There are 2 protein chains.
Amino acid sequence: MRAEIITIGDELLIGQVVDTNSAWIAERLNEIGIELYQITSVHDQREHIIAALDEAFSRAGIVLTTGGLGPTNDDITKRVLCEYFDTPLIEDKRVRTHISDLYRDRPDVLNKLTATQWLVPESAEILENRVGSAPLMIFHHGKQILASMPGVPYEMKIAMEEQILPYLSRQLSEISNQIMHRTLQVTGIAESSLAILLEKYEDAMPSMLHLAYLPKDGIIRLRLSVYGDMTAEQMNRWFEDLKTLVADYLIADTDEPLEVIVGKLLAERGQTISTAESCTGGKLAALLSKHPGSSAFYFGSVISYDNSVKEHLLDVPSEMIKAHGVVSEEVVRVMAESVRKHLNTDFSIATSGIAGPSGGSKEKPVGTVWMAWATPEGTFAECFHLGKLREQVTDRACTKALVGMLKILTNK
Amino acid sequence: MRAEIITIGDELLIGQVVDTNSAWIAERLNEIGIELYQITSVHDQREHIIAALDEAFSRAGIVLTTGGLGPTNDDITKRVLCEYFDTPLIEDKRVRTHISDLYRDRPDVLNKLTATQWLVPESAEILENRVGSAPLMIFHHGKQILASMPGVPYEMKIAMEEQILPYLSRQLSEISNQIMHRTLQVTGIAESSLAILLEKYEDAMPSMLHLAYLPKDGIIRLRLSVYGDMTAEQMNRWFEDLKTLVADYLIADTDEPLEVIVGKLLAERGQTISTAESCTGGKLAALLSKHPGSSAFYFGSVISYDNSVKEHLLDVPSEMIKAHGVVSEEVVRVMAESVRKHLNTDFSIATSGIAGPSGGSKEKPVGTVWMAWATPEGTFAECFHLGKLREQVTDRACTKALVGMLKILTNK
């Protein structure tokens, strides 16, 4: 069973908004055995939306649209869908009640524009949007299905999880195409060298298996996919063989973000971590506290963006900064050890580097990052050169910090 | 002049990677007067890529593709483009020299797969990819142009800025369609109420003007766009009228992120800021240190995820936590004042809340966030209810923190 996504909104096409919805939807569809064939982003324009609907229905049995359902004039998706499916708008009492309840405490919002939200296409099935005023609509197009959802990510996610996915699962009496993905993560080898290492393995793969290389921030994710007839057990054997082949570079045998893997290891052992960040400026802290349950292992951070903070809160002697510079082994070691001591954690990570665009020198060009890991067994430090672009440097530094921590936790 | 983007890669369609490239490219194209009509994401499959190329060329004069240019077998874009434009692969000496230089220090990377990277389509113009091994290719299709770039964001951005955009600018002898966007940001009013406030204004707009409402995290961005014949001065008058109409809710008259606006105001005045974060866990610090030049005003943060850190580094008495809970006005006030004092900054912001999914209670449900701003004139605190989803709560809390700071700095 194939699906397509049409994302509707001028904001996507002038670069004002990044489409994070489609990737999230794709993952959820895969989980219930639906393959996403294409994503198409179109303007809030009648002709453009209609052309995209025609094309999508020529290729896929399920079409999901996001966006264009607000109460303002620039949002036209509902009207265009009425035209496309040749059905009038009628008032829906349940939706009206729901919206009146939703804005009970904000009577100013119950205005004439909001009132247009309880007009729904007569031929559509209306599902409840628990958190917003835009109705979720399902249209039938022969044996094909269209589901229309809001574009606001939080609303879309709740709509998918509570309504659209259960609806699609019910419709799919049997899953025509089996989809499985397994991913592992390696580091310390170039993409092309990895491909040569796996040459014989790839040659021997049956046609329903597919191997993809996804390099990012110094890590390569290797994704093994099945499209078609293969048991989970068979796939598992292929995956285990792959793991054996890349064992020297393997850092994870799941697609989970590194901070989740590190967090799980720490939580299992009842151990804790803190950070002292200069160049990464809180990015590492934000990663470590991002996921539910992180308070079990993550205690906090001292973000010492200014040197005075390194001196006052992290006990870095000003003479040390004068002698070696803030981006130095000496300074990151003290930062890591101080934050570990003051926050009373088992481990800590410290970063100090030159993220750019300014601040580089001949000896220490932009991209130079010193990093230290303080552990019960001692403190380790390493210097990296992580590129020339500010965002690249700080992203890669977070990855290096987590890879280092993972190696310490797994004794690699 | 119209362009389309085709992003190529299975990883986009199984949700493993979010397409951040397209939004960035769209903005750059708009800046040089090129309108992006559609974004299409397709699989690494010959037939799919060819169909997407046919469709894109039926609508647009410029087609940009990203992805599928790696040295491994799953990447097929170059081969498919050779077939599409009916041209063979030939060795390019300049590309060979460039790649040999690029990997001078890593001879293991100069293997037989990397060697395929210096094979290029004979009929294509080859532009230099300074930071990677995949050649940038320009194909001519009658009067139409196709540019093929790598999908790795850092490589793509450098390719666009150094090669593709200057190339396209040179090709466009005159700009056929004038595109201008101006955006302002408002808060404290519902989207539908705002639309009613602007009803007469929208009715009076000429057809080349377009107004869009983009709500996110409690802020609505209002974007005024011109597609067609209007002078910058005329547009400016429309924009100023819009500003006057929404004056009561206005927080910014540019599309810049709030942390940039706050940072500029602070830097202009030579003032500084620090943060003490609990529920936002470093996200606010990461925002404030994200942009070049932030070290001029941002000193650092104490991320007190664990209560012990609130007590030891931020002087919050344990009796206060016992009496009022960590999510309380009393605690955030002390957090803000302590971090302002210890980091010796003019301002500070403190956050403490329940991001969820667990930790909520009847009195303090998930989404409850207390926030304090310490200033030379005193400390202000406020309580917010920011939703039910972890990411939503922490994103909105950062927005509220910055809006509060902006109001303090502009005396609103």
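Source: prediction; values computed, not measured.

What counts, and at which threshold
- Residues numbered from 1 in each chain as written.
- Chains lettered and ligands numbered in written order.
- Predicted model: local features only at pLDDT ≥ 70, side-chain atom pairs only at ≥ 80, totals over all residues.
- Helix = DSSP H or I, 4+ residues; strand = E, 2+ residues; numbered from the N terminus.
- Buried ≥ 20, exposed ≤ 12 C-beta atoms within 10 Å, placed from the backbone.
- Domains from an automatic or database assignment.
- Core = buried A, V, L, I, M, F, W, Y, C linked by C-beta atoms within 7 Å.
- Contact = placed C-beta atoms within 7 Å.
- Least-squares fit on C-alpha atoms with pLDDT ≥ 70 in both.
- Pairing = 2+ DSSP bridges.
- Axes fitted to C-alpha atoms, helices over the stretch in contact; angles between N-to-C directions.
- Nonpolar A, V, L, I, M, F, W, Y, C, P; charged D, E, K, R; others polar.

## Considering the overall build of chain A
Then step 1. What chain A contains, in helices and strands, is 16 helices and 17 strands.
Then step 2. With the principal axes as the frame, chain A shows a C-alpha extent of 75 × 60 × 40 Å.
Then step 3. For chain A, the proportion of its 412 residues judged to be buried stands at 48%.

## So, the domain arrangement of chain A
Then step 1. With domains assigned, chain A is organised as domain 1 (2-171), domain 2 (182-252) and domain 3 (258-409).
Then step 2. Its C-alpha centre places domain 1 of chain A at a distance of 43 Å from the equivalent point of domain 3 of chain A.

## Section: the nonpolar core
Then step 1. Counting residues in each nonpolar core, the largest one holds 230 residues, and the members touching the most others are A:M335, A:A336, A:A350, A:M371, B:M335, B:A336 and B:A350.
Then step 2. With near-sequence residues (within four places) excluded, B:A336 lies in contact with B:A276, B:S348, B:I349, B:A350, B:A372, B:W373, B:A374 and B:T379.

## Some thoughts on the relation of the copies chain A and chain B
Then step 1. Of the transformation placing chain A onto chain B, the axial shift is 0.0 Å and the rotation is 180 degrees, giving an RMSD of 0.0 Å. Here the copies are linked by what is in effect a two-fold axis.

## Remarks on the environment of A:D253
Residue and element names in this part refer to chain A.
Then step 1. The topology assignment puts D253 in the loop between β12 (250-252) and α11 (258-269).
Then step 2. Overall, the presence of 17 C-beta atoms within 10 Å leaves D253 in the partly exposed class.
Then step 3. A C-alpha to C-alpha distance of 27 Å links D253 and F299, two positions 46 residues apart in sequence.
Then step 4. When neighbours within four sequence positions are excluded, D253 is seen to be in contact with L184 and K243.

## Things to note about the sheet that holds strand β12 (residues 250-252) of chain B
Residue and element names in this part refer to chain B.
Then step 1. Judged by pairing direction, the sheet is antiparallel, and its 4 strands sit side by side in the order β10-β11-β9-β12 without closing on themselves. The strands lining the two open edges of the sheet, one partner per strand, are β10 (209-216) and β12. Averaged over all pairs of adjacent strands, the angle between their axes in this sheet comes to 30 degrees, without regard to strand direction.

## Quick word on the interface of chain A and chain B
Then step 1. Taken residue by residue, the interface counts 77 residues in chain A and 77 residues in chain B.
Then step 2. For the side of chain A that touches chain B, the element with the highest residue contribution is strand β14 (residues 298-304) of chain A, accounting for 7 residues.
Then step 3. The residue inventory of the side of chain A that touches chain B, partitioned by class, reads 36 nonpolar, 28 polar and 13 charged.
Then step 4. For strand β2 (residues 35-42) of chain A and strand β2 (residues 35-42) of chain B, the ladder comprises 3 bridges, and the chain directions are antiparallel. Along β2(B), the bridge assignment pairs A:I39 with B:S41.

## Structural notes on the sheet that holds β12(A)
Residues and elements named next belong to chain A.
Then step 1. One open sheet accounts for 4 strands, arranged β10-β11-β9-β12; its pairing is antiparallel. In this open sheet, the two strands that pair with only one neighbour each are β10 (209-216) and β12. Within this sheet the neighbouring strands show an average axis-to-axis angle of 30 degrees, counted without direction.

## Brief notes about the environment of B:E277
Residues and elements named next belong to chain B.
Then step 1. Its place among the elements puts E277 in strand β13 (residues 273-277).
Then step 2. Assessed through the 33 C-beta atoms surrounding it within 10 Å, E277 is described here as buried.
Then step 3. As for E277 and S301, which are separated by 24 residues in sequence, their C-alpha atoms are 7.3 Å apart.
Then step 4. Aside from chain neighbours lying at most four places away, what touches E277 is G282, L284, A285, S301, I303 and T351.

## Some points on the pairing of strand β3 (residues 62-66) of chain B
Residues and elements named next belong to chain B.
Then step 1. Taking burial as the measure, the 5 residues of β3 include 5 buried ones, the bulk of the element.
Then step 2. In this structure, strand β1 (residues 2-8) lies alongside β3, joined through 5 bridges in parallel fashion. When the sheet's bridge partners are listed, I6 is paired in β3 with T65.
Then step 3. When β3 meets strand β8 (residues 144-149), the two strands line up parallel, connected through 5 bridges. By the bridge assignment, T65 is partnered in β8 with S148.

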